Amino acid sequence: MFVVPNRLCTTFLLVVVLLISISGNQVSTVFGHAAGRTFQAWASTPPVIDGSIDTTEWASAASSSFSLSIDGTPYTGTFYVMNDATNLYIAIKIADDDFNTGTVPDAAAIYFDNNNNGVFESGEDTIAYYANVTGFVDRFLETYPTIKRDTDAGGTKDGSGACARHGSDNHFEFSHPLNSADNAHDFSLYSMNTVGFTIAYRDGGLGTNVGYWPAMTTQDATGWGDIVVASAPPTLSAWCSAA
C-alpha cells in the first residue's frame, strides 16, 4: 500500500485550500442570462435572518454593488448571496433617505428563473419582504404578469425574511429552502444547479412603482443574473483519510 507522508499530505492540502479560496466565487461557465452576473458561495455558517447584514455573518457570500432607478430616482446598494446544504440566503442593502412601514411600505423581492432557460414563466418562484405587518411572502408566477402567494394556491410558506433601518441604509435578509416540499410553487435546486434571478426594490415613499437589477421582471429573463448552488468544500480530514 502506498502511504502519503503526513508532511506531504499537509502541504498538498494547503495548496488545495489555497486554490479553492482563490477561485471560490469565480464561475467560468456561461449561462442563459447576463454575462458577468454569476454568483456562487458556500455558507459555512448560516446567517441570522434578523434584518441586520452583519459583515461577519455574510463574509463568505458572493456580492456585487448595484444601482437601480425608480421613476428617475437613483438608488445604490449591495447584493449578497450564498447557500448551505439546506437554504439559499440572500441579502440586499440599499441606500434610501427613509424607511416606510405604513400602508405602502418599502419592500424588496427576488424573482427566479427556476429552470434557467431565460424565460420567466408560469410556476416559477419569487419571494418578497414588505417592511410592515405583511412581512415575508413566498410567491410564484401564476400567469404572467400575475404573482400569487403559494398559500393562496394550496401551497406552503417556505422561508423567512427580515428588514430594518441601519444608518442611511435599509437592510433586507432572506432564507429560502433549496428544495421544499412545495414542488408546484418553489424551485428544487441541488449542488451545481443554476437558477436565474433579478431583484426589485420599492420605496414606499414614492408609491407602488419599483426598480430592478440587473434587469426588469418581464417574460424575457435573458438580462437576469445567475446563482450557482455551491457545494461544501472538502475538509482536511477527508483529504487525509482519502490519501
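Look above for the structure.
Here we summarise the structure given alongside this text. (Residues numbered from 1 in each chain as written. Predicted model: local features only at pLDDT ≥ 70, side-chain atom pairs only at ≥ 80, totals over all residues. Heavy atoms only, no water.)

**Comments concerning the overall build of the protein**
Basically, it comes down to this: Under the DSSP-based scheme used, a helix requires at least four consecutive residues in state H or I and a strand at least two consecutive residues in state E, with every element numbered from the N terminus. Residue exposure (1.4 Å probe, protein chains only): buried if accessible area is under 20% of the type maximum, exposed if over 50%, otherwise partly exposed. When checking whether two residues touch, look at their non-hydrogen atoms; a contact exists if any pair is within 4.5 Å.
Broken down by element type, the protein carries two helices and 13 strands. Counting only residues that meet the buried cut, the protein has 46% of its 243 residues in that class. Long-range contacts, defined as pairs at least 24 residues apart, comprise 62% of the intrachain contacts of the protein with a sequence gap of at least 6.

**Concerning the side chain of H171**
The criterion, for reference: Two N or O atoms count as a polar contact when they lie within 3.5 Å, although within protein this holds only if one can serve as hydrogen donor and the other as acceptor, and sequence-adjacent residues are included solely when both atoms are side-chain atoms.
Tracing the backbone shows H171 in strand β10 (residues 169-177). Overall, H171 belongs to the buried group, its relative accessible area being 7%. At 3.0 Å, the side chain of H171 forms a polar contact with the backbone nitrogen of I53.

**Quick look at the sheet that holds strand β9 (residues 160-166)**
Note the threshold: For two strands to count as paired, DSSP must find a minimum of two bridges between them. Axes, fitted as lines to C-alpha atoms, cover a helix only where it is in contact. Angles between the N-to-C directions of the axes lie from 0 to 180 degrees.
Strand order across the open sheet formed by five strands is β2-β3-β4-β10-β9, with antiparallel pairing between neighbours. Strands with a single pairing partner mark the edges of an open sheet, and in this sheet they are β2 (62-70) and β9. Neighbouring strand axes in the sheet, compared pairwise and without regard to direction, differ in orientation by 20° on average. Sheet analysis places β9 next to β10, joined by seven bridges and oriented antiparallel. Along β10, the bridge assignment pairs S160 with S175.

**What about the pairing of β10?**
β10 sits mainly inside the fold: eight of its nine residues count as buried. Direction of pairing for strand β4 (residues 87-95) relative to β10: antiparallel, over a ladder of nine bridges. Pairing of A91 across the sheet is with E173, part of β10. Once β9 ends, the chain turns through two residues before running back antiparallel as β10, passing G167 with a positive phi of about 65°.

**A closer look at the packing of aromatic side chains**
This is how it is decided: Here a Phe, Tyr or Trp ring, Trp counted by its six-membered ring, pairs with any other such ring whose centre lies within 6.5 Å, and the pair is stacked when the planes are under 30 degrees apart, edge-to-face when over 60, and tilted otherwise.
Under the defined criterion, the tally for this structure stands at 13 aromatic pairs. Within the aromatic cluster, the residues linked to one another by ring pairs are F39, F66, F79, F197 and W213.

**Description of unusual backbone geometry**
Cis peptide bonds are those with omega within 30 degrees of zero, and the linkage from Y144 to P145 qualifies with 5°. One can find P145 in the loop between β7 (135-143) and β8 (146-149). Here W213 and P214 are connected by a cis peptide whose omega angle stands at 0°. Looking at the secondary structure, you find P214 in the loop between β12 (210-213) and β13 (225-228). Notably, D71 is not glycine yet its phi reads approximately 50°, a positive angle. Here D71 lies in the loop between β2 and β3 (73-83).

**Some points on the environment of H33**
Of note, H33 is situated in the loop between α1 (6-23) and β1 (38-39). According to the relative accessible area criterion, H33 is buried, its value standing at 8%. Expressed as a C-alpha distance, the spacing of H33 and G223, which sit 190 residues apart in the sequence, is 5.3 Å. A polar contact of 2.8 Å, which involves the side chain of H33, links it to the side chain of D113. Within the local environment of H33, its side chain forms a polar contact with the side chain of N116, the two groups lying 3.0 Å apart.

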